[in-house]
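Okay, here's what each chain looks like letter by letter:
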Amino acid sequence: MPRVCTICTHPEHDAIDAALVGEVANRRIAAQYAVSEQAVRRHREDHLPSIMVRSEQAKEVTRADDLIGQLQEITARTDRLYKIADGIIGKAASSEDWRTALMAVREASNANREARANLELLGELLGELNRNPTVNLHLSAEWIRIQTVLFSALVPYPEVGARVAQALKEIERDH
Ligand SMILES: [Zn+2]
């Protein structure tokens with residue numbers, strides 16, 4: 001039967017791992033948590049590296065999730081803003097209210113700029129996913145959703161949409 005690690009099963013294993021990463025001496029950790037120094041040394045050598053890799057991956061996933069959330073929010077806002085501006089332009093033009101029409105055009109062009117900023121953010125995100133296949137797998141369902149949201153928001157900007165589609169194709173080819 002494999003020996004159970006008294007550190008891994010310790011109720012305060014997170015604090016012990018933090019102390020190990022903080023380079024606290026084995027002897028001090030053993031005394032503080034009432035475990036054997038040998039167990040601390042074995043855990044540091046055999047278990048700590050994989051624990052650190054796992055926690056690093058979890059952080060990456062959280063970061064990518066955050067990015068997607070932000071991107072969805074910005075995209076939805078841009079889309080709303082563009083629709084509002086578009087409606088105002090139509091109404092102002094039919095009543096020949098050129099001042100209002102001009103203001104709405106300015107709003108629409110702001111929305112356009114935001115769409116471009118979204119594109120940059122998406123580019124960073126794609127780079128992130130490209131560098132980390134684990135994250136890529138984890139996000140596939142989320143990814144399909146964001147693509148749908150993004151492309152519908154980019155309908156008023158066909159040239160931007162085409163560039164996004166091109167970037168996605170390149171990513172798929174790389175994999
Ligand atoms: Zn262990």
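Criteria and thresholds
- Residues numbered from 1 in each chain as written.
- Predicted model: local features only at pLDDT ≥ 70, side-chain atom pairs only at ≥ 80, totals over all residues.
- Heavy atoms only, no water.
- Donors = N, O, S within 2.8 Å, 3.2 Å for Na, K, Ca; no water.
- Helix = DSSP H or I, 4+ residues; strand = E, 2+ residues; numbered from the N terminus.
- Buried < 20%, exposed > 50% of the residue type's maximum accessible area, 1.4 Å probe, protein only.
- Contact = heavy atoms within 4.5 Å.
- Core = buried A, V, L, I, M, F, W, Y, C linked by side-chain atoms within 4.5 Å.

Undergrad: Help me out: how do you make sense of the coordination of the zinc ion in this one?
TA: Working reference: metal with six octahedral donors, ideal angles 90 or 180 degrees; metal with four tetrahedral donors, ideal angle 109.5 degrees. Surrounding the zinc ion are the protein donor atoms Cys5 (SG), Cys8 (SG), His43 (ND1) and His47 (ND1), at 2.0 to 2.3 Å. Between consecutive donors of the zinc ion, the numbers of intervening residues give the motif C-x2-C-x34-H-x3-H. Residue cysteine 5 is found in the segment before helix 1 (13–21), and its partner histidine 47 is found in the loop between helix 3 (37–46) and helix 4 (48–94); the two are separated by 42 residues along the sequence. The buried category is assigned to cysteine 5, whose relative accessible area is 11%.

Undergrad: Help me out: how do you make sense of the environment of isoleucine 51 in this one?
TA: Mapped onto the elements, isoleucine 51 comes out in helix 4. Along the primary structure isoleucine 51 and cysteine 8 are separated by 43 residues, whereas in three dimensions their C-alpha atoms are 9.9 Å apart. Ignoring any residue separated from it by four or fewer positions in sequence, one finds isoleucine 51 in contact with Asp17 and His43.

Undergrad: Even after reading the chapter, I still don't get the nonpolar core, so can you show me in this structure?
TA: The tendency in soluble globular proteins is for nonpolar side chains to be buried side by side. In this structure, Cys5, Ile7, Ile16, Ala19, Leu20, Ile29, Ala30, Tyr33, Val35, Ala39, Val40 and Leu48 together form the largest nonpolar core, which totals twelve residues. Secondary-structure elements contributing two or more residues to this core are helix 1, helix 2 (26–33) and helix 3. Beyond its immediate chain neighbours, meaning those up to four positions away, cysteine 5 contacts His43 and His47.

Honestly, that's just the spatial picture; any functional story needs more than this.
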